[in-house]
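This is what each chain is made of:
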Amino acid sequence: MQTKTDARKAGKQETIERISGAEALMRALIIEGVDTIFGYIGGAIMPVYDALMNYEDKVRHVMVRHEQGAMHAAQAYARIKRRPGVVFTTSGPGATNTVTGLADAMLDSTPLVVITGQVGAAMLGTDAFQETDVVSVSMPLTKWNYQITCADEIPEVLAKAFFYANSGRPGPVVIDITKNAQFDEVDFDYKKISRVSSYVAKPRPDIADIDKAADLINAAKSPLVLVGQGVAISGAQEEFKTFVEKAGLPVASTLLGLSAFPSNHALFTGMLGMHGNYAPNINTNKCDVLIAIGMRFDDRVTGNLETYAKQAKIIHIEIDPSEVDKNVKTDVAIVSDAKQALELLTPKVKNNSHEDWLKSFAKLHEVEYEKVIRKDIHPTKGMMHMGEVINRVSEKTKGEALIVTDVGQHQMASARYYQFNKKDSLITSGGLGTMGFGIPAGMGAAIAKPDRPIFVFVGDGGFQMTVQELGTLAQYHLPVKIILLNNNYLGMVRQWQELFFDGRYASTELVNPDFLKIAEGFGVPGKQISDREALDSTLDELLNVEGPFLLEVKVQKMGNIFPMIPAGATVSDMRLE
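Per chain, residues are indexed from 1 in the order of the written sequence. Local features in this predicted model are restricted to residues of pLDDT 70 or higher, and side-chain atom pairs are both shown and tallied only at a pLDDT of 80 or more, whereas totals for entire chains, interfaces and linings draw on every residue. Only hydrogens and water are set aside when side-chain values are computed; all heavy atoms of the structure are taken into account.

### What about the layout of surface pockets?
We apply this condition: A pocket, in this scheme, is an open set of points on a 1 Å grid over the protein atoms alone with protein on both sides within 12 Å along at least 5 of 7 lines, while a cavity is a set where a 1.4 Å probe fits but cannot get out; residues line either one if an atom lies within 4 Å of a point. Grid points are joined across faces, edges and corners, and a volume is the space filled by probe spheres set on the points. Numbering of helices and strands runs from the N terminus; a helix is a DSSP stretch of H or I covering at least four residues, while a strand is a stretch of E covering at least two. Amino acid classes used here: Ala, Val, Leu, Ile, Met, Phe, Trp, Tyr, Cys and Pro are nonpolar; Asp, Glu, Lys and Arg are charged; the rest, including Gly, are polar.
Estimates place the volume of the second largest pocket at around 530 Å³. N277, H365, I373, R416 and Q419 are, among the 28 residues lining the second largest pocket, the residues nearest its centre. Listed by contribution, the elements that provide at least two residues to the lining of the second largest pocket are β11 (268-271), α12 (278-284), α15 (355-377), α16 (386-397) and α17 (409-417). For the lining of the second largest pocket, the leading source of residues is α15, giving eight residues. For the lining of the second largest pocket, the class distribution of residues is 17 nonpolar, eight polar and three charged.

### Topic: the domain arrangement of the chain
Quick reminder of the rule: An automatic or database domain assignment supplies the start and end points of every domain. Contacts are assigned to residue pairs that have any heavy atoms within 4.5 Å of one another. Put simply, buried area is the surface a 1.4 Å probe can reach on two separate parts but cannot reach once they are joined, added for both. By definition here, a salt bridge exists when the distance from a side-chain nitrogen of Lys or Arg to a carboxyl oxygen of Asp or Glu is within 4 Å. Polar contact is the term for a pair of N or O atoms within 3.5 Å; when the atoms are in protein, one must be able to donate a hydrogen and the other to accept it, and sequence-neighboring residues count only if both atoms are side-chain atoms.
The assigned domain composition of the chain is domain 1 (4-188), domain 2 (207-360) and domain 3 (383-554). Averaged C-alpha coordinates put domain 1 and domain 3 at centres separated by 31 Å. Across the contact, 25 residues belong to domain 1 and 28 residues belong to domain 3. Together domain 1 and domain 3 conceal approximately 2,100 Å² of surface at their shared face, both sides included; 63% is due to carbon and sulfur atoms. Linking domain 1 with domain 3 are one salt bridge. When the shortest N-O distance is used, the salt bridge between R82 and D424 registers 3.1 Å. At the boundary of domain 1 with domain 3, the tally comes to 12 residue pairs in polar contact (both at pLDDT 80 or more). Within the residue set of the side of domain 1 that touches domain 3, elements represented by two or more residues are β2 (36-39), β3 (60-63), α3 (67-81) and α5 (99-107). Among the residues making up the side of domain 1 that touches domain 3, the classes are represented as 10 nonpolar, eight polar and seven charged.

### Observations concerning the sheet that holds strand β12 (residues 289-293)
Going by this rule: Any two strands between which DSSP finds at least two bridges are classified as paired. For helices, the fitted line uses only the C-alpha atoms of the stretch in contact; every axis is such a line through C-alpha atoms, and the angle between N-to-C directions lies from 0 to 180 degrees.
Taken in spatial order, the six strands make up an open sheet running β11-β10-β9-β12-β13-β14, and their pairing is parallel. The open sheet is flanked by β11 and β14 (332-335), the only strands paired with a single partner. Averaged over all adjacent pairs, the angle separating strand axes in this sheet is 15°, with direction ignored. Pairing between strand β9 (residues 223-227) and strand β10 (residues 251-253): three bridges, direction parallel. Bridge pairing links L226 to A252 in β10. Packing of helix α9 (residues 207-219) onto the sheet brings it into contact with β12, β13 (313-318) and β14, and relative to β14 it is tilted by some 135°. Lying on the sheet, helix α14 (residues 338-345) is in contact with β12, β13 and β14; it crosses β13 at an angle near 125°.

### Concerning the pattern of salt bridges
This is how the line gets drawn: Only protein chains enter the area calculation, which uses a 1.4 Å probe; residues under 20% of their type maximum are buried, those over 50% are exposed, and those in between are partly exposed.
Enumeration over the complete set of coordinates arrives at 26 salt bridges. Salt-bridge contacts for E17 lead to R27; the nearest nitrogen and oxygen are separated by 2.7 Å. One end of the pair, E17, is in strand β1 (residues 17-20); the other, R27, is in helix α1 (residues 21-31), and 10 residues separate them in sequence. Overall, the relative accessible area of 21% leaves E17 in the partly exposed class. Residue R27 is classed as buried on the basis of its relative accessible area of 19%. With a closest N to O distance of 3.3 Å, E509 and K557 form a salt bridge. In this pair, E509 is assigned in the loop between α21 (491-500) and α22 (515-522) and K557 in the segment after β20 (549-554), connecting sequence segments 48 residues apart. Residue classification places E509 among the partly exposed residues on the basis of a relative accessible area of 48%. Taken together, the salt bridges that share partners define one network made up of R169, D320, E323 and K326.

### Focus: the packing of aromatic side chains
Spelled out, the test is: Each Phe, Tyr or Trp ring (for Trp, its six-membered ring) is paired with any other whose centre lies within 6.5 Å, and the angle between the two planes then decides the class: stacked below 30 degrees, edge-to-face above 60, tilted in between. Think of it as a cone above the ring: NZ of Lys or CZ of Arg counts as a charge over the ring if it is within 6 Å of the ring centre and within 35 degrees of the ring normal.
A full pass over the atoms with the stated rule returns 16 aromatic pairs. Both rings, one in F38 and one in Y77, keep their centres 5.9 Å apart while their planes meet at 70°; by these two values the pair is edge-to-face. With a gap of 39 residues between them, F38 in strand β2 and Y77 in helix α3 connect regions that are remote in the sequence. Residue classification places F38 among the buried positions, given a relative accessible area of 0%. Residue Y77 is classed as buried on the basis of its relative accessible area of 2%. When the ring of Y418 is compared with that of F420, the centres are 5.1 Å apart and the planes differ by 50°; the resulting orientation is tilted. Each residue in the set W144, Y146, F163, Y164 and Y199 is aromatic and connected to the rest through ring pairs, giving one cluster. Lying across the ring of Y489, R494 places its NZ or CZ 5.8 Å from the centre.

### Section: unusual backbone geometry
The amide bond that connects F562 to the next residue, P563, takes the cis arrangement and shows omega of 0°. Along the polypeptide, P563 turns up in the segment after β20. For N488, which is not glycine, the phi torsion reads 60° and is therefore positive. Within the secondary structure, N488 sits in the loop between β18 (480-486) and α21. Positioned with a positive phi, D502 is a non-glycine residue whose angle comes to about 60°. Along the chain, the position of D502 falls in the loop between α21 and α22. Assessed through its relative accessible area of 74%, D502 is described here as exposed.

Rendered as structure tokens:
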């Protein structure tokens, strides 16, 4: 039923319609610019799905095979589009199946709006069928959550959800909506919001801190810049490039910062962290000024905090004040959006170059190349290495494909040996390290960027955790090229067992199924290779395939990823073998 309300008393002419809560929810999503929803239907969310049918010309719904798949697909979509990914799930197990994705999105600053159905308000607290206290379950894993129990709440709560998810440091939001609220009617009047009085989305940088940072950078003899994902989230890639080029600053990247700065740039020195590049890790403990931008100094980057960069003055540019001085104590903290901070800082730094300092990175890289890289990308005998496969994909795509990875040895090899020469080119699970992330994230990437080639690198362990999403790939004919690097092990754990547990390989060797037959059953074509002589021609074939495809590559079973900083060690203790 619809009624018209004359709003001329408010000084304007408008029509407010009385519609169901489910209809109001859909209209709110459309006003917020949502064009894609990932989800899985169930009893408690059925009214919303019924309303969704009225908007099939405006909103694409992707019916996944498991709610975790919806979450990872929405994460990839959100990180590429730089706006919230949207997920629909039902109550109970549907809602609890989103928990891993919520934790992953929270740690990796990914904006999501997750709509979970719930039993009717009158049934709350009665242990009704498929009732779960979603608000309590998701509270530590979300930026904000809320339970809607009456339809009148829908417009205001949805507006807040989208604002919180994508403002400041982005993150996931959960809205739990009872079934009665979906059926009941509301006078629909939706207003997007741009601020909430108690929440400072973009802290204004202190100009005095900008000046202090500029003075330190201008006086530095051996500076090093650490680029994190915050640079990409803020859309500051060009500002960052201008800044480092003007000051002549060598750049090292976190895992999630990769592709925020071109890998082929003369100032790029490689990746930081446990399996990063030798030069930037060693020189972290030799630089005199360390400038961290849009990153949180997590333990995989710092190693032992007691010995991390103690000789350096630390400048930290970070939008989330809770991350400042949490792990590494700073000399200058600029609490700000990266783009805004760089726009203020760059005019104050001097034109400079640090040629001798840059040469020290080149010398260390030569050591790593001879001891590690050359053997990884140009092996002369034995089974194929992960590094050589990824390196050949990088060469054939000129470093311009969109790379999605699962978690494990192949993830580190991808980060090391794919040359990210185009921005927004890596989607991976960083903080949580979620096995099973790769295939569904590849789906979200393909929907967000249908004009770019999408490659998913995955191991045999992670592949089997979300293998059911091959059905989604086939149903929507998504052009995702999956390269399964099969070593018949949980390779990263096996490597630790070899190095730190005396080669006691507890529960890491896998007895795998016939992956090609499984893919064929889902309607996804595939091919398996084990000889490196077939690699080039097969990759050429893969590049020309339309739709999804699985390439299984048999790689060395006992291969390790080096360099490596042992757990608890300092960045200076990086092992090359």
